[in-house]
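Chain by chain, the residues run as shown.
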Amino acid sequence: MGNIAVLIETTGDGAPKSTSAGLLGAAARMGTPVAVAVTAPGQGAHLAAKLGSLGAAHVYLAESDTAAVELGTAQVGALADAVRAYSAQLVLASNTNDSKSVAGRLAIIANGSVAADAVGVRYDEEGQEAIVQHSVFGGDFTTESTVEGGLMIITVRPGSIDARAEAVADPQIKTAAVSTAAAPGARIDHATDAPAESDRPVLRTAQAVVSGGRGLGSKENFALVDELADSLGAAVGASRAAVDSGYVSQSFQVGQTGVSVSPQLYVALGISGAIQHRAGMQTAKTIIAINKDEDAPIFDIADFGVVGDVFTVVPQLIDAIAARRS
Ligand code: FAD
């Protein structure tokens, strides 16, 4: 099995983002994981050690002075350099806005193709061709795709792959300046950190999500969703009807025209389960639905369902969770 290049997204303070573990886990199943990260010159030692602990056998630190002001350009060049240096057969990246744009630009300069929004990846029976699984039509079907010829670049839906790689105590580290010139992308003239709305986990990558729908009835009542989310340490999501009714802002919307999530646990409160909502959450590992209509379509995909009023069931649930913790 060959080398698999993995694009690592980093936080503002230079740590690997939470999506890195799943990507390196997927890469380890397909070959030897090579983590590729862009750093400011001389800043990558701590990052490399962390990537080793997440299973990177090799760490390619691409140093760039301009990464902070040019969106994705250094990452495109770094991946192209790493693919050449390690003869990588595949590139794995997150299906996030940043990494998707890098994937597309890399495909152009490296003569490759992008398989987007993968929820699984494997080799064919001969162990030759990579096959990518996609969850489509609101999660009702799983399709497979492959690329014939050229570099295959796969963007993986965050949270969709559970595999984790074994820690590597002493990853082989290579540091080099980015040498491949990619066409310049957008430049950042000025950036202001958005104030954190809450200290809850980020919706897109959360391990647990509690979402509320129109069944909550009002913005005030939506606090019940927040309460259950906090008692589970979960992120908060919402249906489009809840967003359109003004209960929460659009950034909370899960579904076809919102965020796609693949958490370990998804709790749907007062959500009917329209196909456009399911499109964004059907790959969750365990789905719990609470709805007073026993015929609500959300129950078709729920692992556990409670037919009942959220205002009766959820407070009891919160009390039961608190009782278990005390
Ligand atoms: P409803 O369908 O009104 O369901 C409310 C549910 O709450 C009902 O099942 C009801 O039984 C239950 N309920 C009511 N009161 C209680 C109570 N007290 N206790 C328990 N249960 C109760 N939707 C999305 O969510 N995300 C998207 O990204 C999205 N994109 C779309 C894109 C397009 C192009 C279109 C056309 C639609 C899109 N929609 C999307 C809208 C989608 O079709 C549904 O209208 C929406 O998901 C419904 O939201 P809901 O389940 O909260 O509301």
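Since this is a predicted model, take the numbers as computed values, not measurements. (Residues numbered from 1 in each chain as written. Predicted model: local features only at pLDDT ≥ 70, side-chain atom pairs only at ≥ 80, totals over all residues. Heavy atoms only, no water.)

**With respect to the site of the ligand**
- As a structural note, the neighbourhood of the ligand is formed by 25 residues, with Arg214, Ser239, Thr257, Ser272 and Asn291 the closest of them.
- Interatomic distance of 3.5 Å between a backbone N/O atom of glycine 215 and a nitrogen atom of the ligand.
- Starting from 970 Å² of accessible surface for the ligand in isolation, the protein chains cover 76%.
- Of all elements in the fold, only helix H6 (240-244), helix H7 (275-278) and helix H9 (310-325) reach the threshold of two or more residues within the shell around the ligand. (Near = heavy atom within 4 Å. Polar contact = N/O pair within 3.5 Å; in protein donor to acceptor, adjacent residues only side chain to side chain. Areas by Shrake-Rupley, 256 points an atom, 1.4 Å probe, with all protein chains shown as cover. Helix = DSSP H or I, 4+ residues; strand = E, 2+ residues; numbered from the N terminus.)

**Describing the packing of helix H5 (residues 223-232) against H9**
- Following both chains from N to C, one finds H5 and H9 inclined at 20°, their axes separated by 10 Å at the closest point. Classified by the interaxial angle, the pair formed by H5 and H9 is roughly parallel. Considering the relative orientation of H5 and H9, their crossing is left-handed. Residue-level inspection shows Leu224, Glu227, Leu228, Ser231 and Leu232 of H5 in contact with H9, the latter providing Val310, Phe311, Val314, Pro315, Leu317, Ile318, Ile321 and Arg325.
- Residue composition of the contact of H5 with H9, by class: 10 nonpolar, 1 polar and 2 charged. (Axes fitted to C-alpha atoms, helices over the stretch in contact; angles between N-to-C directions. Parallel < 35°, antiparallel > 145°, perpendicular 65-115°, else oblique. Left-handed = near helix turned anticlockwise from the far one by under 90°. Contact = heavy atoms within 4.5 Å. Nonpolar A, V, L, I, M, F, W, Y, C, P; charged D, E, K, R; others polar.)

**Focus on the sheet that holds strand E14 (residues 304-307)**
- The strand order across the open sheet built from 5 strands is E11-E10-E12-E13-E14, with neighbouring strands paired in parallel fashion. The sheet is open, and its two edges are formed by strand E11 (235-238) and E14, each paired on a single side. In this sheet, neighbouring strand axes are inclined to one another by 15° on average, regardless of whether the strands run parallel or antiparallel.
- One ladder, built from 5 bridges, connects strand E12 (residues 265-269) with strand E13 (residues 286-291); its direction is parallel. Counterpart to alanine 268 in the pairing with E13 is alanine 289. (Pairing = 2+ DSSP bridges.)

**Some points on the environment of leucine 317**
- As for its position among the elements, leucine 317 is in helix H9.
- Residue leucine 317 is classed as partly exposed on the basis of its relative accessible area of 31%.
- Sequence separation of leucine 317 and glycine 237 is 80 residues, and the distance between their C-alpha atoms is 18 Å. (Buried < 20%, exposed > 50% of the residue type's maximum accessible area, 1.4 Å probe, protein only.)

**Things to note about the pattern of salt bridges**
- For the structure shown, the criterion picks out 11 salt bridges.
- We note a salt bridge from glutamate 9 to lysine 17, for which the minimum N-O separation is 3.6 Å.
- A salt bridge links aspartate 117 to arginine 157; its shortest N-O distance comes to 2.9 Å. Placement of the pair is aspartate 117 in strand E5 (residues 112-123) and arginine 157 in the loop between strand E8 (151-156) and strand E9 (172-177), with a sequence separation of 40 residues.
- Ionic contacts of the salt-bridge type, sharing partners, join the residues Arg122, Glu125 and Glu144 into one network. (Salt bridge = Lys/Arg side-chain N within 4 Å of Asp/Glu carboxyl O.)

**What about the nonpolar core?**
- Within the largest apolar cluster, 32 residues are counted, with the highest numbers of intra-cluster contacts made by Leu24, Leu51, Leu90, Leu92, Met152 and Ile154.
- When residues in this core are grouped by element, the largest group, 6 residues, is from helix H1 (residues 20-30).
- When residues no more than four places from it in sequence are discounted, the contact partners of leucine 90 are Asn3, Ile4, Ala5, Met30, Tyr123, Ala130, Leu151, Met152 and Ile154.
- Core analysis: the next-biggest nonpolar cluster, separate from the first, contains 25 residues, Leu79, Val83, Tyr86 and Leu106 among them. (Core = buried A, V, L, I, M, F, W, Y, C linked by side-chain atoms within 4.5 Å.)

**Some remarks on helix H4 (residues 97-109)**
- The first and last C-alpha atoms of H4 sit 19 Å apart over 13 residues, in line with the 18 Å expected at 1.5 Å per residue.
- Where H4 is concerned, the buried positions are Ser99, Val102, Ala103, Leu106 and Ala107. For H4, the buried positions fall inside an angular range of 135° around the axis, keeping them on one side. In H4, those exposed residues whose orientation departs by more than 90 degrees from the buried face are Asn97 and Ile108. (Expected span 1.5 Å × (residues − 1). Arc of directions from axis to C-beta.)

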